[in-house]
Amino acid sequence: MKITILTLFPEMFSALGASILGRAQKEGKLELEVVDIRDYTEDKHKKCDDYPFGGGAGMVMMAQPIGSAIEAVDPGHGARRIYLSPKGRTLRQEHIFRLAEEEHLVLLCGHYEGVDQRAIDLFIDEEISIGDYVLTGGELPAMVLVDCVSRYIDGVISPSSLVDESFSDGLLEYPQYTRPVEYRGLFVPEVLRGGNHAEIDKWRHEQALKITEKNRPDLLK
Ligand code: 4FV
(Lines give C-alpha, C1' and ligand atoms only; values in the text may rest on other atoms or scores of the structure.)
Protein backbone atom coordinates (compact mmCIF):
# COMPACT_ATOMS: atom_id res chain seq x y z
CA MET A 1 0.00 0.00 0.00
CA LYS A 2 1.14 3.54 -0.76
CA ILE A 3 0.21 6.46 1.46
CA THR A 4 1.03 10.01 0.36
CA ILE A 5 0.86 12.72 3.00
CA LEU A 6 0.51 16.37 1.95
CA THR A 7 1.61 18.78 4.66
CA LEU A 8 3.30 22.12 5.32
CA PHE A 9 5.31 20.41 8.09
CA PRO A 10 6.97 17.28 6.61
CA GLU A 11 9.45 17.19 9.48
CA MET A 12 6.65 16.07 11.81
CA PHE A 13 6.48 12.68 10.13
CA SER A 14 9.88 11.33 11.15
CA ALA A 15 8.05 9.39 13.87
CA LEU A 16 6.62 7.09 11.17
CA GLY A 17 10.11 5.78 10.48
CA ALA A 18 10.29 4.03 13.84
CA SER A 19 9.13 0.65 15.16
CA ILE A 20 6.51 -1.38 13.30
CA LEU A 21 5.83 1.27 10.64
CA GLY A 22 9.54 1.76 10.05
CA ARG A 23 10.00 -1.97 9.54
CA ALA A 24 6.96 -2.14 7.22
CA GLN A 25 8.60 0.49 5.03
CA LYS A 26 11.99 -1.24 5.09
CA GLU A 27 10.28 -4.48 4.04
CA GLY A 28 8.47 -2.70 1.22
CA LYS A 29 5.01 -3.48 2.65
CA LEU A 30 4.19 0.20 3.14
CA GLU A 31 5.35 3.01 0.86
CA LEU A 32 5.12 6.32 2.67
CA GLU A 33 5.59 9.53 0.69
CA VAL A 34 5.64 12.84 2.60
CA VAL A 35 5.18 15.87 0.33
CA ASP A 36 5.70 19.52 1.28
CA ILE A 37 2.73 21.51 -0.07
CA ARG A 38 4.97 24.58 -0.12
CA ASP A 39 6.89 23.05 -3.02
CA TYR A 40 3.76 23.53 -5.17
CA THR A 41 2.85 27.16 -4.53
CA GLU A 42 2.96 29.46 -7.57
CA ASP A 43 3.39 32.47 -5.31
CA LYS A 44 6.81 34.07 -5.68
CA HIS A 45 7.03 34.53 -1.91
CA LYS A 46 6.15 30.84 -1.34
CA LYS A 47 2.90 31.89 0.29
CA CYS A 48 0.54 28.99 1.11
CA ASP A 49 -1.98 30.63 3.42
CA ASP A 50 -3.88 33.89 3.58
CA TYR A 51 -6.47 35.77 5.60
CA PRO A 52 -10.05 34.42 5.49
CA PHE A 53 -12.63 36.22 3.37
CA GLY A 54 -15.41 37.48 5.62
CA GLY A 55 -12.93 38.12 8.43
CA GLY A 56 -12.25 35.94 11.45
CA ALA A 57 -9.12 34.88 13.31
CA GLY A 58 -6.26 32.88 11.86
CA MET A 59 -5.16 31.99 8.36
CA VAL A 60 -6.59 29.66 5.71
CA MET A 61 -4.49 27.41 3.48
CA MET A 62 -4.83 28.44 -0.16
CA ALA A 63 -6.36 26.08 -2.73
CA GLN A 64 -3.75 26.40 -5.51
CA PRO A 65 -0.74 24.80 -3.77
CA ILE A 66 -2.98 22.00 -2.47
CA GLY A 67 -4.57 21.36 -5.87
CA SER A 68 -1.21 21.32 -7.67
CA ALA A 69 0.28 18.97 -5.07
CA ILE A 70 -2.65 16.55 -5.29
CA GLU A 71 -2.55 16.52 -9.09
CA ALA A 72 1.21 15.88 -8.96
CA VAL A 73 1.02 12.91 -6.58
CA ASP A 74 -2.23 11.42 -7.91
CA PRO A 75 -2.60 12.50 -11.58
CA GLY A 76 -5.16 9.88 -12.52
CA HIS A 77 -7.22 10.14 -9.33
CA GLY A 78 -6.58 6.50 -8.61
CA ALA A 79 -6.07 7.22 -4.93
CA ARG A 80 -8.61 7.70 -2.16
CA ARG A 81 -8.09 11.35 -1.23
CA ILE A 82 -8.80 12.15 2.40
CA TYR A 83 -8.81 15.49 4.23
CA LEU A 84 -8.29 15.17 8.01
CA SER A 85 -10.69 17.62 9.62
CA PRO A 86 -12.96 18.00 12.67
CA LYS A 87 -15.80 18.43 10.17
CA GLY A 88 -15.30 14.91 8.87
CA ARG A 89 -17.00 11.66 9.78
CA THR A 90 -15.47 10.25 12.95
CA LEU A 91 -12.88 7.55 12.24
CA ARG A 92 -14.04 4.13 13.45
CA GLN A 93 -12.59 0.64 13.15
CA GLU A 94 -14.95 -0.34 10.33
CA HIS A 95 -13.61 2.65 8.37
CA ILE A 96 -10.09 1.33 8.81
CA PHE A 97 -10.98 -2.03 7.29
CA ARG A 98 -12.33 -0.25 4.19
CA LEU A 99 -9.37 2.12 3.84
CA ALA A 100 -6.92 -0.78 4.24
CA GLU A 101 -8.30 -2.21 0.99
CA GLU A 102 -7.16 0.83 -1.01
CA GLU A 103 -3.97 0.68 -3.10
CA HIS A 104 -3.13 4.35 -2.57
CA LEU A 105 -4.28 6.89 0.00
CA VAL A 106 -3.58 10.62 -0.24
CA LEU A 107 -3.91 12.36 3.13
CA LEU A 108 -4.24 16.15 3.15
CA CYS A 109 -3.19 17.78 6.42
CA GLY A 110 -4.86 21.10 7.17
CA HIS A 111 -3.23 23.66 9.41
CA TYR A 112 -4.21 26.97 11.01
CA GLU A 113 -7.96 27.51 10.40
CA GLY A 114 -8.08 24.83 7.73
CA VAL A 115 -8.11 24.90 3.95
CA ASP A 116 -9.99 26.87 1.27
CA GLN A 117 -13.27 25.00 0.68
CA ARG A 118 -12.59 24.84 -3.05
CA ALA A 119 -9.59 22.55 -2.40
CA ILE A 120 -12.02 20.14 -0.71
CA ASP A 121 -14.77 20.53 -3.33
CA LEU A 122 -12.41 20.00 -6.26
CA PHE A 123 -9.93 17.40 -5.01
CA ILE A 124 -11.06 15.55 -1.86
CA ASP A 125 -13.09 12.30 -1.74
CA GLU A 126 -13.86 12.27 1.97
CA GLU A 127 -13.25 14.19 5.18
CA ILE A 128 -12.33 12.17 8.26
CA SER A 129 -12.08 13.33 11.89
CA ILE A 130 -10.17 11.39 14.54
CA GLY A 131 -12.42 12.78 17.27
CA ASP A 132 -14.43 15.66 18.65
CA TYR A 133 -11.58 17.91 19.66
CA VAL A 134 -9.52 20.51 17.79
CA LEU A 135 -5.77 20.16 17.14
CA THR A 136 -3.31 22.67 15.72
CA GLY A 137 -2.94 20.70 12.52
CA GLY A 138 -4.01 17.60 10.63
CA GLU A 139 -0.55 16.02 10.88
CA LEU A 140 -1.16 14.01 14.07
CA PRO A 141 -4.56 12.82 12.77
CA ALA A 142 -2.82 11.73 9.55
CA MET A 143 -0.28 9.75 11.60
CA VAL A 144 -3.12 8.11 13.55
CA LEU A 145 -4.77 7.07 10.31
CA VAL A 146 -1.50 5.76 8.81
CA ASP A 147 -0.89 3.72 11.97
CA CYS A 148 -4.39 2.23 12.13
CA VAL A 149 -4.54 1.36 8.41
CA SER A 150 -0.98 -0.02 8.22
CA ARG A 151 -1.82 -2.66 10.87
CA TYR A 152 -4.00 -4.36 8.25
CA ILE A 153 -1.38 -4.53 5.51
CA ASP A 154 -0.42 -8.18 5.04
CA GLY A 155 2.62 -9.05 7.11
CA VAL A 156 2.82 -5.83 9.16
CA ILE A 157 1.14 -7.35 12.21
CA SER A 158 0.80 -11.08 12.85
CA PRO A 159 -2.80 -12.15 12.01
CA SER A 160 -3.24 -13.62 15.52
CA SER A 161 -2.69 -10.14 16.97
CA LEU A 162 -5.51 -8.71 14.88
CA VAL A 163 -8.20 -10.81 16.52
CA ASP A 164 -9.40 -10.37 20.12
CA GLU A 165 -8.35 -6.74 20.15
CA SER A 166 -10.55 -3.85 21.13
CA PHE A 167 -13.43 -3.32 18.67
CA SER A 168 -12.60 -6.47 16.67
CA ASP A 169 -15.60 -8.26 18.19
CA GLY A 170 -17.53 -5.19 19.23
CA LEU A 171 -16.02 -5.25 22.73
CA LEU A 172 -13.09 -3.59 24.44
CA GLU A 173 -10.12 -5.87 24.99
CA TYR A 174 -9.64 -7.96 28.16
CA PRO A 175 -6.76 -7.09 30.57
CA GLN A 176 -3.28 -8.30 29.63
CA TYR A 177 -0.58 -9.62 31.99
CA THR A 178 3.01 -10.76 31.62
CA ARG A 179 5.90 -11.77 33.91
CA PRO A 180 6.53 -11.52 36.80
CA VAL A 181 3.62 -13.38 38.43
CA GLU A 182 3.66 -10.96 41.40
CA TYR A 183 4.29 -7.23 41.09
CA ARG A 184 3.94 -4.96 44.18
CA GLY A 185 1.53 -7.35 45.80
CA LEU A 186 -0.64 -7.81 42.71
CA PHE A 187 -0.80 -11.28 41.15
CA VAL A 188 -1.58 -12.46 37.64
CA PRO A 189 -5.11 -14.02 37.74
CA GLU A 190 -4.75 -17.73 38.47
CA VAL A 191 -6.89 -18.75 35.48
CA LEU A 192 -4.33 -17.30 33.07
CA ARG A 193 -1.59 -19.46 34.53
CA GLY A 194 -3.63 -22.65 34.58
CA GLY A 195 -3.38 -23.54 30.92
CA ASN A 196 -7.08 -24.44 30.56
CA HIS A 197 -7.78 -22.54 27.34
CA ALA A 198 -11.55 -22.91 27.53
CA GLU A 199 -11.46 -21.36 31.00
CA ILE A 200 -9.07 -18.65 29.84
CA ASP A 201 -11.30 -17.74 26.88
CA LYS A 202 -14.34 -17.66 29.18
CA TRP A 203 -12.55 -15.40 31.70
CA ARG A 204 -11.31 -13.08 28.96
CA HIS A 205 -14.77 -12.73 27.42
CA GLU A 206 -16.27 -11.97 30.86
CA GLN A 207 -13.58 -9.34 31.45
CA ALA A 208 -14.15 -7.81 28.02
CA LEU A 209 -17.87 -7.53 28.73
CA LYS A 210 -17.18 -5.98 32.16
CA ILE A 211 -14.74 -3.39 30.77
CA THR A 212 -17.03 -2.54 27.88
CA GLU A 213 -20.02 -2.14 30.20
CA LYS A 214 -17.97 0.19 32.41
CA ASN A 215 -16.20 2.31 29.79
CA ARG A 216 -18.24 2.01 26.58
CA PRO A 217 -21.81 0.80 27.26
CA ASP A 218 -22.74 2.27 23.88
CA LEU A 219 -20.84 -0.59 22.18
CA LEU A 220 -23.15 -3.14 23.81
CA LYS A 221 -26.28 -1.71 22.17
C1 4FV B 1 -8.68 17.27 13.25
C2 4FV B 1 -9.46 16.33 13.97
C3 4FV B 1 -8.34 18.64 13.66
C4 4FV B 1 -8.47 21.76 12.91
C5 4FV B 1 -7.81 23.04 12.48
C6 4FV B 1 -6.31 21.22 12.05
C7 4FV B 1 -7.34 20.78 13.02
C8 4FV B 1 -6.47 22.71 11.92
N9 4FV B 1 -8.30 16.70 12.08
N10 4FV B 1 -9.50 15.21 13.21
N11 4FV B 1 -10.07 16.46 15.20
N12 4FV B 1 -7.75 19.40 12.73
O13 4FV B 1 -8.59 19.03 14.79
O14 4FV B 1 -8.82 15.46 12.10
O15 4FV B 1 -6.46 23.05 10.56
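Residues numbered from 1 in each chain as written. Predicted model: local features only at pLDDT ≥ 70, side-chain atom pairs only at ≥ 80, totals over all residues. Heavy atoms only, no water.

A. Broad picture of the sheet that holds strand β5 (residues 80-90). Taken together, 5 strands build an open sheet; the order of strands is β2-β1-β6-β5-β7 and the sheet is parallel. One side of each edge strand has no neighbouring strand; the edge strands of this open sheet are β2 (31-36) and β7 (126-129). Ignoring strand direction, the axes of neighbouring strands in this sheet form an average angle of 30°. Pairing of strand β1 (residues 2-7) with β2, which is carried by 6 bridges, proceeds in the parallel orientation. Paired with T7 across the bridge in β2 is D36. Packed onto the sheet, helix α2 (residues 63-73) meets β1, β2, β5 and β6 (104-109) and runs at close to 160° relative to β1. Across the sheet, helix α5 (residues 139-150) lies against β1, β2, β5, β6 and β7, angled at about 160° from β6, the strand it touches most. (Pairing = 2+ DSSP bridges. Helix = DSSP H or I, 4+ residues; strand = E, 2+ residues; numbered from the N terminus. Axes fitted to C-alpha atoms, helices over the stretch in contact; angles between N-to-C directions. Contact = heavy atoms within 4.5 Å.)

B. Representation of the nonpolar core in the model. Ranked by internal contacts, the top residues of the largest apolar core, which has 30 residues, are I3, I5, L105, L107 and L145. Broken down by secondary-structure element, the contributors of at least two residues to this core are β1, α1 (19-26), β5, α3 (93-99), β6 and α5. Setting aside residues no more than four positions away along its own chain, I3 makes contact with L30, E31, L32, E33, H104, L105, L107, V146 and S150. V73, V115, F123 and I124 belong to the second largest nonpolar core, which has 20 residues in total. (Core = buried A, V, L, I, M, F, W, Y, C linked by side-chain atoms within 4.5 Å. Buried < 20%, exposed > 50% of the residue type's maximum accessible area, 1.4 Å probe, protein only.)

C. Summary view of the environment of D169. With respect to the helices and strands, D169 occurs in the loop between α5 and β8 (182-183). Remark: the alpha-carbon pair of D169 and A208, spanning 39 residues in sequence, is separated by 9.9 Å. A distance of 3.0 Å separates the side chain of D169 from the backbone nitrogen of L171, its partner in a polar contact. (Polar contact = N/O pair within 3.5 Å; in protein donor to acceptor, adjacent residues only side chain to side chain.)

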